[in-house]
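# Chain and residue survey
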Amino acid sequence: MFRPALRSLLLPLLGMPVIAAPLTREAPNNHAVPANQLLVAGNACGPAALLNAFRFGSRDWQRPCNALAGNNDRERILTIIQEIGMRPSKHVPGHPRWSRRGVSVADLRDMGNEMTVGQALPQLSEEVFFLQPRETPEKLLARIHQRLGISLGKGLPPVVSLRRYALRRQPGKAPQWTVIDAHFVTLTAIPRKLDKQARSFSVSYIDPWGGRRCQGTIGIPKTPVLADSAGRSCCLEADFSQSAVGKRLVRRGEQTVLACSAAIGRW
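This one's a predicted model, so the numbers in the text were calculated from it and none came from an experiment. (Residues numbered from 1 in each chain as written. Predicted model: local features only at pLDDT ≥ 70, side-chain atom pairs only at ≥ 80, totals over all residues. Heavy atoms only, no water.)

### Thoughts on the overall build of the protein
For the protein, the count of helices and strands is six helices and eight strands. Of the regular secondary structure in the protein, the N- to C-terminal order runs α-β-α-α-α-α-β-α-β-β-β-β-β-β. When its C-alpha atoms are laid out on the principal axes, the protein stretches across 90 × 50 × 30 Å. Counted over contacts in the protein with a minimum sequence separation of 6, partners at least 24 positions apart contribute 61%. Carbon and sulfur atoms make up 53% of the accessible area of the protein, which amounts to about 14,500 Å² in all. Computing the positive centroid from 37 side-chain charges and the negative centroid from 19, the protein places the two 3 Å apart. (Helix = DSSP H or I, 4+ residues; strand = E, 2+ residues; numbered from the N terminus. Contact = heavy atoms within 4.5 Å. Areas by Shrake-Rupley, 256 points an atom, 1.4 Å probe, with all protein chains shown as cover. Lys, Arg positive; Asp, Glu negative; His and termini not counted. Charge placed at Lys NZ, Arg CZ, Asp CG, Glu CD.)

### Some points on the nonpolar core
Membership of the largest hydrophobic core comes to 31 residues, with the highest contact counts inside it found for I144, L148, V160, F201, V203, I218 and F240. Among the elements of the structure, α6 (137–153), β3 (159–168), β4 (176–191), β5 (200–207), β6 (212–219), β7 (236–239) and β8 (256–265) are those that each provide at least two residues to this core. Sort the elements by how many residues they give to this core and α6 lands first, with five residues. If sequence neighbours within four positions are ignored, I218 has contacts with L141, L148, S200, F201, V203, L236, E237, F240 and C260. Among the nonpolar cores identified, the runner-up in size contains 29 residues, and A48, A49, L51 and V103 belong to it. (Core = buried A, V, L, I, M, F, W, Y, C linked by side-chain atoms within 4.5 Å. Buried < 20%, exposed > 50% of the residue type's maximum accessible area, 1.4 Å probe, protein only.)

### Quick notes on the side chain of R143
Its place among the elements puts R143 in helix α6. Here R143 falls in the buried class, since its relative accessible area comes to 8%. Polar contacts involving the side chain of R143 include one to the main-chain carbonyl oxygen of F130, which spans 2.9 Å. (Polar contact = N/O pair within 3.5 Å; in protein donor to acceptor, adjacent residues only side chain to side chain.)

### Quick look at the pattern of salt bridges
Under the definition given, this model contains 14 salt bridges. Residues D73 and R55 are paired through a salt bridge, measuring 2.5 Å at the closest nitrogen-oxygen approach. In this pair, D73 is assigned in helix α4 (residues 73–85) and R55 in helix α2 (residues 45–55), connecting sequence segments 18 residues apart. Of the residues examined, D73 reaches a relative accessible area of 14% and is grouped as buried. Here R55 falls in the buried class, since its relative accessible area comes to 12%. R147 is the salt-bridge partner of E127, the closest N and O atoms lying 2.7 Å from each other. Taken as a pair, E127 in strand β2 (residues 125–128) and R147 in helix α6 lie far apart in primary sequence, 20 residues in all. (Salt bridge = Lys/Arg side-chain N within 4 Å of Asp/Glu carboxyl O.)

### Describing the packing of α2 against helix α3 (residues 59–66)
Helix-helix packing: each pair is described by the crossing angle between the helix axes and the interaxial distance. It is at 7 Å that the axes of α2 and α3 come closest, and there the two elements cross at 140 degrees. On the basis of their axis angle, the class for α2 and α3 is oblique. For the pair α2 and α3, the contacting residues are L51, F54 and R55 in the first and W61, Q62, P64 and C65 in the second. Here the contact of α2 with α3 is composed, by residue class, of five nonpolar, one polar and one charged. (Axes fitted to C-alpha atoms, helices over the stretch in contact; angles between N-to-C directions. Parallel < 35°, antiparallel > 145°, perpendicular 65-115°, else oblique. Nonpolar A, V, L, I, M, F, W, Y, C, P; charged D, E, K, R; others polar.)

### Observations regarding unusual backbone geometry
You will see that A120, though not glycine, has its phi angle at about 55 degrees, which is positive. Its place among the elements puts A120 in the loop between α5 (105–115) and β2. The backbone of R134 shows a phi angle near 65 degrees, a positive value even though the residue is not glycine. Inspection of the secondary structure assignment puts R134 in the loop between β2 and α6.

### A word on α5
The buried count for α5 comes to ten of eleven residues, which makes it a mostly enclosed element. For α5, the complete set of buried residues consists of V105, A106, D107, L108, R109, D110, M111, G112, N113 and M115.

### Description of the side chain of N43
Along the polypeptide, N43 turns up in the loop between β1 (24–26) and α2. From its side chain, N43 meets the backbone oxygen of S99 in a polar contact 3.3 Å long. With near-sequence residues (within four places) excluded, N43 lies in contact with Q37, W98, S99, R100, R101 and G102.

Scope: geometric values only; no functional claims are made or implied.
Set out below in structure tokens:
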């Protein structure tokens, strides 16, 4: 039997409602104002997406953003490009990290890591989201969901690399999947759990093209893309209908898909 004093403390708790954990994992600073790459240039999606990742992050991860020189987003994006993006690339010798063609995932990760220097923050990671040996599309879906969720859970919204592929004919050759455009966005929300039978999951993200809040899904394509020897899709499709990403470059009659190809975050 409970002692009277202990019983008086516990009985009220027994009648209290259980507060369920949120179904969605969101960016810590989700009320922030997104940065717009078009304030600078159409090829500034990488620096703008990186700025949004820090801005929408926890107080610790906001420090690199707050340390940037500039009185507005245009000046802050230019600071990222001119002071960090124009440094020599470690991955493409003889070239700067950022150019008229944009920036690679590896170079953008290096830029992010240099922005965290002196801010008492850990290093950023990058990961390619294509099938690994012995990995199935279902396991790839689970891996991507896990990585993105871990980064959000650690306070840093991940930067996601998107690639537009088109099944394009070449003279004298069979049609081949060809990259025709690429883009970076900042992911701000995903479901906390992924059902074992799931073929996709919903996301919220910031498209730096216009600094817009958007929604979409990441999932296993209905028709295999870049199929392996077993006929399985080697990548996942980003069904982001609110983001154009190379649609104007698709030729009439071509099959096309927007792939979730890689991400930068903390895991």
